[in-house]
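# Commentary on secondary and tertiary structure
Listed below, chain by chain, are the residues.
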Amino acid sequence: MSDDVSQDVLTFVEGGVGRIRLNRPKAIHALTHGMCTTMIEALSSWASDPAVYLVMLDHVEGRGFCAGGDIRLIAESANGDGAAARAFFHEEYRLNHFLFTYAKPTVAFMDGITMGGGVGISQPCRYRIVTERTVYAMPETGIGLFTDVGAGRYLTRMPGRMGQYVGLTGARLNGAECLALGLGTHYVASDAIDGLKAVILAGPGTIDNELRSAVATLPPAPILDHQGDIDRLFASDQLEDILAALAEDGGDWALATLNTLQSKSPQSCKIVLRHLAESAKIEDFAAEMALEYGLAAHIVEQPDIVEGVRALIVDKDNAPKWNPATPAAVSRAAIDAIFAPLPREQAWTPFAAS
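Summarised in this report is the structure supplied together with it. (Residues numbered from 1 in each chain as written. Predicted model: local features only at pLDDT ≥ 70, side-chain atom pairs only at ≥ 80, totals over all residues. Heavy atoms only, no water.)

### Observations concerning the overall build of the protein
The secondary structure content of the protein amounts to 16 helices and nine strands. Expressed along its principal axes, the backbone C-alpha trace of the protein runs to roughly 60 × 45 × 40 Å. A burial count over the protein gives 56% of its 354 residues as buried. In the structure as shown, the protein presents an accessible area of about 14,300 Å², 51% of it carried by carbon and sulfur atoms. Here the protein contributes 28 positive and 43 negative side-chain charges, whose respective centroids are spaced 1 Å apart. (Helix = DSSP H or I, 4+ residues; strand = E, 2+ residues; numbered from the N terminus. Buried < 20%, exposed > 50% of the residue type's maximum accessible area, 1.4 Å probe, protein only. Areas by Shrake-Rupley, 256 points an atom, 1.4 Å probe, with all protein chains shown as cover. Lys, Arg positive; Asp, Glu negative; His and termini not counted. Charge placed at Lys NZ, Arg CZ, Asp CG, Glu CD.)

Below is the structure:
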């Protein structure tokens, strides 16, 4: 495929490297259904191509790697029959799974904003480069969604209850924090990124040596200062228990965290806690993606995604009216219905490379 700047994602081969370059800078490279399809097609064609040694994912320009998925489309679809939203999630999760199981080395440059869908395409990669500009987050509870794109695996493998904290609050992590929590593999100064890419392109077989040479001095990871508080205050899988623990603690950090949680969709928060509890027991990534697709398919039938996107992205009044409005009003039966398996003919299936 030619390097055509009119495309939202550029895919081409350079120096033995299959290159995937996100190219929607005005949207911080948020993923569309078509972009996911293009990436799957490129990965499929490179899988058996002896001229391609590794695959590199980055962005062409702008202040972030990838801000997420096409959330406006998802909300607009959810306000109707939800078909386009479900189709997007199905394709996006196929891309996530294909990257996770890809046989050739993959490297993602998480330079700048890396949220939601950007997490989904970077975390499966063998090498995950973070910088001082990295801003990682899973902010889905703030828009009525849940921690998807494989986050059920990544968050549950963080130390202690850190995954529950990050998933519920949408906490923004810097590059050093990503490295400390296993989300990144190498910390590189942003002004060294272009040079690192150049040497990888010149000799992809030496990537391990080049990465070792490129790593910068790692600054402290502030989130680790709160590990004890997080493990103690987020110990329960019940949202009401966590809110009560934060209120009872009464410290500045606990109260600020409580205030943050009280702004999130109560239903989304309860879904996240159950999702992570179930995902902690899942080893097969395809099974994880099937679970997450079932949740996504049900959630686009709920009102919170439409309201969350309206409040935070469309009208930007930051005053969502969640439905149900309180944790107590979110019934166990409602959560059970969202976790109900899809009929076989509607269930998610992985991409089958030819």
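### Let's talk about the pairing of strand β5 (residues 106-110)
Taken across its five residues, β5 has five buried, putting it largely inside the fold. Of the two faces of β5, both are covered, the one formed by Thr106, Ala108 and Met110 as well as the one formed by Val107 and Phe109. The pairing of strand β3 (residues 54-59) with β5 spans three bridges and is parallel. Following the sheet pairing, Leu57 is matched in β5 by Ala108. Note: β5 against strand β7 (residues 127-130), four bridges, orientation parallel. For Ala108, the partnering residue across the bridge sits in β7 and is Arg128. (Pairing = 2+ DSSP bridges.)

### Some remarks on the side chain of His298
Assignment of secondary structure puts His298 in helix α14 (residues 285-299). Ignoring sequence-local partners within four residues, the contact set of His298 consists of Ala337, Ile338, Ala340 and Leu342. (Contact = heavy atoms within 4.5 Å.)

### What to know about the sheet that holds β3
The strand order across the open sheet formed by six strands is β1-β2-β3-β5-β7-β9, and the pairing between neighbours is mixed. Looking along the sheet, the strands with just one partner apiece sit at the ends: β1 (9-14) and β9 (186-187).

### Focus on empty space enclosed by the protein
On inspection of all chains with the given rule, the structure shows one cavity of 30 Å³ or more. One number sums up the size of the largest cavity: a volume of about 40 Å³. In terms of lining, the largest cavity is formed by Gly144, Ser265, Gln267, Ser268, Ile271, Ile299, Gln302, Asp304 and Ile305. Looking at the lining of the largest cavity, the elements that each hand over two or more residues are α13 (266-279) and α15 (304-314). Take the lining of the largest cavity: its biggest share by element is three residues, from α13. Partitioned by chemical class, the residues of the lining of the largest cavity number three nonpolar, five polar and one charged. (1 Å grid on protein atoms, 1.4 Å probe; cavity = no way out; pocket = protein on both sides within 12 Å on 5 of 7 lines; lining within 4 Å. Points joined across faces, edges and corners; volume = space filled by probe spheres on them. Nonpolar A, V, L, I, M, F, W, Y, C, P; charged D, E, K, R; others polar.)

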